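Report on the structure
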Amino acid sequence: MPDVDFRYILLGALAIALLYAAFTDIRSRLIENWLNGAIALGAPLFWWASGMSGGEIAWQLGMALVTFAVLAALFFMRWIGGGDVKLLAALALWFAPLTFFQLLFMASVVGGVMTTVGSVLNLAPAQGRTAGRLFVWTSAAVSLAVMLYVGWVLTGGQPVNLASAVGGSGAFYALLCAVLLFMSFGSIVTARHQRQRLRIPYGVAISAGGLWALSAHVLPLLHQASPTVLAG
């Protein structure tokens, strides 16, 4: 069995690769194929260093294939970039299923914040002369608050009992529906008044989710658990 330090080296290399992916996506809106390939090819070394069984490796491969298939469909619908698809599929080879799903949630929160801020900043000047401007900014603020709250809970924050705060579950669900409708209409108004096509570097969000998963889940397990527990 290799020394545990080798796994730290591999995880450190993954963290550096994620930082580089975020940097290149900001600079050129492109995550290069060689980088995604290197991340994918590094996963088998981590499996070996972690002492993973054949069944556990099969789970990792299956999750990567499913991730690629689902995201490839979104790519053909032009909802996500090709580099983002490859990066997420490569990361699926590294993380246990539950941790990978948490990575996806965190990346979605960060990506949602980036999209909301970018969309508001990209509003056409004509929108500033209408009452819709206030509506857009208000719905954007609500969206940001919701996404930041979700992110806070995901990073270990204790969920607040919102139902009791607003007078019971009935009032809470009514308020939730109103907020969702408000956010939906705000998103529609924002999308219809964009100055130019918005290009968000979602590689930054994916990298942030990966770095968070490493620091919050993988490294603590590496400190206290056996290699087999880490993989599963």
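Now for a quick tour of the structure. (Residues numbered from 1 in each chain as written. Predicted model: local features only at pLDDT ≥ 70, side-chain atom pairs only at ≥ 80, totals over all residues. Heavy atoms only, no water.)

Within the chain, the regular secondary structure consists of 10 helices and 0 strands. Helices (α) and strands (β) of the chain occur, in sequence order from the N terminus, as α-α-α-α-α-α-α-α-α-α. Counting across all 232 residues of the chain, residues that qualify as buried make up 37%. When contacts within the chain are restricted to residue pairs at least 6 apart in sequence, those whose partners lie at least 24 apart make up 78%. Of the roughly 12,700 Å² of accessible surface on the chain, 72% is carried by carbon and sulfur atoms. (Helix = DSSP H or I, 4+ residues; strand = E, 2+ residues; numbered from the N terminus. Buried < 20%, exposed > 50% of the residue type's maximum accessible area, 1.4 Å probe, protein only. Contact = heavy atoms within 4.5 Å. Areas by Shrake-Rupley, 256 points an atom, 1.4 Å probe, with all protein chains shown as cover.)

Look at helix α3 (residues 54–76): 33 Å from first C-alpha to last across 23 residues, which is about the 33 Å you get at 1.5 Å a residue. Of all the positions in α3, only Glu56, Gln60, Met63, Ala64, Thr67, Leu71 and Ala72 are classed as buried. Of the residues flanking the end of α3, it is Arg78, one or two places downstream, whose phi is positive at about 65 degrees. (Expected span 1.5 Å × (residues − 1).)

A separate point is the packing of aromatic side chains. Applying the stated criterion across every chain, the model contains 5 aromatic pairs. Look at Phe6 and Trp48: their rings are 6.1 Å apart centre to centre, the planes differ by 75 degrees, and that puts the pair in the edge-to-face class. Of this pair, Phe6 sits in helix α1 (residues 4–28) while Trp48 is found in helix α2 (residues 33–50), placing the two residues 42 residues apart along the sequence. Given the relative accessible area of 27%, Phe6 is considered partly exposed. Ring geometry for Tyr20 against Trp34: centres 5.9 Å apart, planes inclined by 45 degrees, an arrangement best described as tilted. In this pair, Tyr20 sits in helix α1 while Trp34 sits in helix α2, placing the two residues 14 residues apart along the sequence. What makes Tyr20 partly exposed here is its relative accessible area of 31%. (Phe/Tyr/Trp six-rings, centres within 6.5 Å; stacked < 30°, edge-to-face > 60°.)

Before going further, it helps to examine a nonpolar patch on the surface. Together, Tyr20, Phe23 and Trp34 make up an exposed nonpolar region whose accessible area comes to about 340 Å². Phe23 gets classed as partly exposed once you look at its relative accessible area, which sits at 48%. (Patch = residues over 30% accessible without salt bridge, like charges linked within 9 Å, V, L, I, M, F, W, Y side chains within 5 Å. Salt bridge = Lys/Arg side-chain N within 4 Å of Asp/Glu carboxyl O.)

Here we come to the nonpolar core. In terms of nonpolar packing, the biggest core is built from 36 residues, with Leu14, Ile39, Leu87, Leu91, Trp94, Phe95 and Leu214 touching the most fellow members. Elements that contribute at least two residues to this core include exactly α1, α2, α3, α4 (82–91), α5 (97–121) and α9 (202–224). Counting residues per element, this core draws most heavily on α1, which supplies 7 residues. (Core = buried A, V, L, I, M, F, W, Y, C linked by side-chain atoms within 4.5 Å.)

This part is about a positive patch on the surface. Together, Arg29, Arg78, Arg197 and Arg199 make up a region of like positive charge exposed at the surface. Mapped onto the elements of the fold, Arg197 is located in the loop between α8 (169–192) and α9. Judged by its relative accessible area of 73%, Arg197 is exposed. (Lys, Arg positive; Asp, Glu negative; His and termini not counted. Charge placed at Lys NZ, Arg CZ, Asp CG, Glu CD.)

We now examine the environment of Gly151. Checked against the element boundaries, Gly151 lands in helix α6 (residues 132–154). For Gly151, a relative accessible area of 10% corresponds to the buried category. Distance from Gly151 to Val109, taken between C-alpha atoms, is 6.3 Å for residues 42 residues apart in sequence. Residues in contact with Gly151, not counting those within four places in the same chain, are Met106 and Val109.

For Arg29, which is not glycine, the phi dihedral falls at a positive 55 degrees. Position of Arg29 relative to the elements: it lies in the loop between α1 and α2. By relative accessible area, Arg29 is classed as partly exposed at 34%.

Compared with an ideal rise of 1.5 Å per residue, which puts 18 residues at 26 Å, α2 spans 26 Å between its outermost C-alpha atoms and is within 8% of the ideal. Within the sequence span of α2, burial applies to Leu35, Asn36, Ile39, Gly42, Ala43, Phe46, Trp47, Ala49 and Ser50. Backbone geometry just downstream of α2 places Gly51 in the positive-phi region, at approximately 70 degrees.

Spatial relationships are all this shows, so hold off on functional conclusions.
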